[in-house]
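Coordinate analysis (summary)
Here is how the chains run, residue by residue.
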Amino acid sequence: MIADRINAATRRVPSWTLYILSPLPALWWLWQGLTGGLGVEPIKALEHALGEFALQLLVVGLCITPLRRFAGVNLLRFRRAVGLIAFFYVLLHLLVWLVLDVQIPAQIWADIVKRPYITVGMAGFALLIPLALTSNNLSVRRLGGLRWRQLHRLTYAAVLLGALHFVMLAKGFQIEPLAYLIAVLGLLALRLPALETMSRRRLRG
Amino acid sequence: LMGIAGGARAAEGDLEPNSWEEITSYNNYYEFGTGKDDPARYAERLTIAPWTVRIDGLVDRPGDYAFEDILSKMTLEERLYRFRCVEAWSMVVPWTGFELADLLELAGVQSSAKYVGFETVLNRDEMPGTAYRVLDWPYVEGLRLDEAMHPLTIMATGIYGKDIPKQNGAPLRLVVPWKYGFKSIKSVVRITLTDSEPPTSWNKANAREYGFYSNVNPEVSHPRWSQATERRIGGGLFAARQDTLPFNGYGDEVAGLYAGMDLSTYF
């Protein structure tokens, strides 16, 4: 079965390889931006590349549990790394927006308050902060498994806000941001209690 | 050669045109895709010869005007204009073109005409972006007649003295330098004189965000972003923002067109 093969192939991959590889896309885009590879408006291009990659990582993170539950593919060991790397890409996206794009501090605050798509994006980022801070074994022990899991359900809201942020900034009726939103909604629907009990019943068989 | 139209002011002393590469690689032409590089990638497919412009509505001599015939009757000149996109980036473009007023006079504007509507070519086989209903195709735009007749308003047929590239709106496009770029409709196939305000594509898509006038105005924000500043294309990763000028710096020439109008209502 494919699931078994994936499980076997990834079993010996330590999760720290993801952390080692994680800066490479950012460094590549930065290099491209400095040398003309991102076109004549590299600030927006860099901002969008970082933001979209962050959203992709968040979606990947949401896939991990359903993959195990419905397909038997176990990538749970990578979930923390995927989440933390996603957080750092959201942070880089935000920093490029603050420092390179908007530049003017007074306008930054005005934008956060006045522009709904920025408010939504910032809210998503704010929700990710406690999750990033508690993505370590010590925090899991201190909070206890149940409270930690409850706290980390904030992921669902954060990813939804991220996808919404993308939809809201598009000009005209654009397919790509809507595709992300639909994917996120689908992945969240898989968490609905009805589906969960169904899959448990199936596993008990 | 008129050179820099209305360019005696100090602010225009440092008006440096963007490079050919910048002007022709970073475009909004959604019929070819919503990415900034999509037009440069896909517009080459567009057939632009033969090309005719239908001029109809409230004119004395309605009909299909062949592009070559139009060119033979017009006086081409160079205009170095600031170009301000509604997305808060800008360029400076050395256009070649003729005044729209001359073309309209060729067709004979009737006294009952008050507005001018424009339409972009819609050739779905050659325009991959039109597979998606990002906008209600074909792209349409419009001006009030006095805006259309203003000497700053041109139909551009070239950039840097070369034929205008397809991604920039070949073979002829409108350029209204004091309005946001989307008003300057590309690859025009139809011009219609009317007595009522013609529909415009972005206004139809989102009336709250895009008004009929869409004059560059640093004081009226787009609902989703400020219009107070802009970024000149070409400054690289660390380009500073610069202040956006009312009417994109052409206020001396055009502010009079809007005397007595509340520009935050008629945005």
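Residue numbers restart at each chain and count upward from 1, following the sequence in its written direction. Here chains are named by letter from A upward and ligands by number from 1 upward, in the order in which they appear as written. Only residues with pLDDT of at least 70 get local features here, since the model is predicted, and only at 80 or more are side-chain atom pairs given and counted; chain-wide, interface and lining totals rely on the full set of residues.

1. Focus on the UniProt feature "domain: Ferric oxidoreductase" (unreviewed entry) in chain A
Summarizing the sequence annotation, UniProt attributes the feature "domain: Ferric oxidoreductase" (unreviewed entry) to residues 53-162 of chain A in the numbering used throughout. Numbering of helices and strands runs from the N terminus; a helix is a DSSP stretch of H or I covering at least four residues, while a strand is a stretch of E covering at least two. Helix makes up 85% of residues 53-162 of chain A and strand 0%. Its end C-alpha atoms lie 11 Å apart. UniProt positions are given in the numbering used here, feature names are shortened, and annotations may be inferred rather than shown by experiment.

2. Some remarks on the UniProt feature "domain: Oxidoreductase molybdopterin-binding" (unreviewed entry) in chain B
UniProt annotation of "domain: Oxidoreductase molybdopterin-binding" (unreviewed entry) refers to residues 48-202 of chain B when read in the numbering used here. Counted over residues 48-202 of chain B, helix gives 14% and strand 37%. Its end C-alpha atoms are 25 Å apart.

3. Examining the sheet that holds strand β2 (residues 63-66) of chain B
Within a sheet, each strand pairs with its neighbour through backbone hydrogen bonds, oriented either parallel or antiparallel. Residues and elements named next belong to chain B. In this analysis, strands are considered paired if DSSP registers two or more bridges between them. Ordered by their spatial adjacency, five strands build an open sheet running β2-β1-β10-β5-β6, and the pairing between neighbours is mixed. The sheet is open, and its two borders are formed by β2 and β6 (140-144), each paired with just one other strand. Ignoring which end each strand starts from, the neighbouring axes of this sheet average 20° apart. By the bridge criterion, six bridges tie strand β5 (residues 115-120) to strand β10 (residues 188-194) in an arrangement that is antiparallel. Along β10, the bridge assignment pairs phenylalanine 118 with isoleucine 191. A fitted line through C-alpha atoms represents every axis, and for helices the fit uses only the stretch in contact; the resulting angles, taken between N-to-C directions, go from 0 to 180 degrees.

4. Structural notes on helix α4 (residues 100-107) of chain B
All names here are of chain B. Within α4, burial applies to Leu100, Leu103, Leu104 and Ala107. The buried side chains of α4 occupy one side of the element, clustering within an arc of 100° when seen end-on. Contacts are defined on C-beta atoms placed from the backbone: any two residues whose C-beta positions lie within 7 Å are in contact. Against β1 (52-57), α3 (67-73), β4 (89-99), α5 (145-149), β7 (154-159) and β9 (173-175) lie the buried residues of α4. Trailing α4 by a residue or two, glycine 108 shows a phi angle of about 80°, which is positive. Counting other C-beta atoms within 10 Å of a residue's own tells you its class, since 20 or more makes it buried, 12 or fewer makes it exposed, and anything in between is partly exposed; those C-beta atoms are placed from the backbone. The directions considered for the arc run from the helix axis to the C-beta atoms.

5. Section: the UniProt feature "transmembrane region" (unreviewed entry) in chain A
All names here are of chain A. The residues that UniProt annotates with the feature "transmembrane region" (unreviewed entry) are residues 12-31, 51-70, 82-100, 112-133, 154-172 and 178-195. Taken end to end, residues 12-31 comprises 75% helix and 0% strand; its first and last C-alpha atoms sit 32 Å apart. End-to-end, the C-alpha atoms of residues 154-172 are 30 Å apart, and along that stretch the chain is 84% helix and 0% strand.

6. Here's the deal with the UniProt feature "binding site: Mo-molybdopterin" (unreviewed entry) in chain B
All names here are of chain B. Feature annotation in UniProt assigns "binding site: Mo-molybdopterin" (unreviewed entry) to the following positions: Asn27, Tyr30, Glu31, Cys85, Thr120, Asn168, Arg173, Ser184, Ile185 and Lys186. Among the structural elements, glutamate 31 can be located in the loop between α1 (20-25) and α2 (38-42). Note on glutamate 31: 26 C-beta atoms within 10 Å, which makes it buried. Ignoring sequence-local partners within four residues, the contact set of glutamate 31 consists of Thr120, Met127, Gly129, Thr130 and Tyr139. Residue placement: arginine 173 occurs in strand β9. Among all residues touching arginine 173, those that are not within four sequence positions of it are Met155, Ala156, Ile164, Ser184, Ile185, Lys186, Ser187 and Val188.

7. Concerning the interface of chain B and chain A
Contacts between the two partners involve 24 residues from chain B, matched on the other side by 19 residues from chain A. Tallied by class, residues from the side of chain B that touches chain A come to 13 nonpolar, five polar and six charged. Throughout this entry, Asp, Glu, Lys and Arg are counted as charged residues, while Ala, Val, Leu, Ile, Met, Phe, Trp, Tyr, Cys and Pro are counted as nonpolar. The remaining residues, Gly among them, count as polar.

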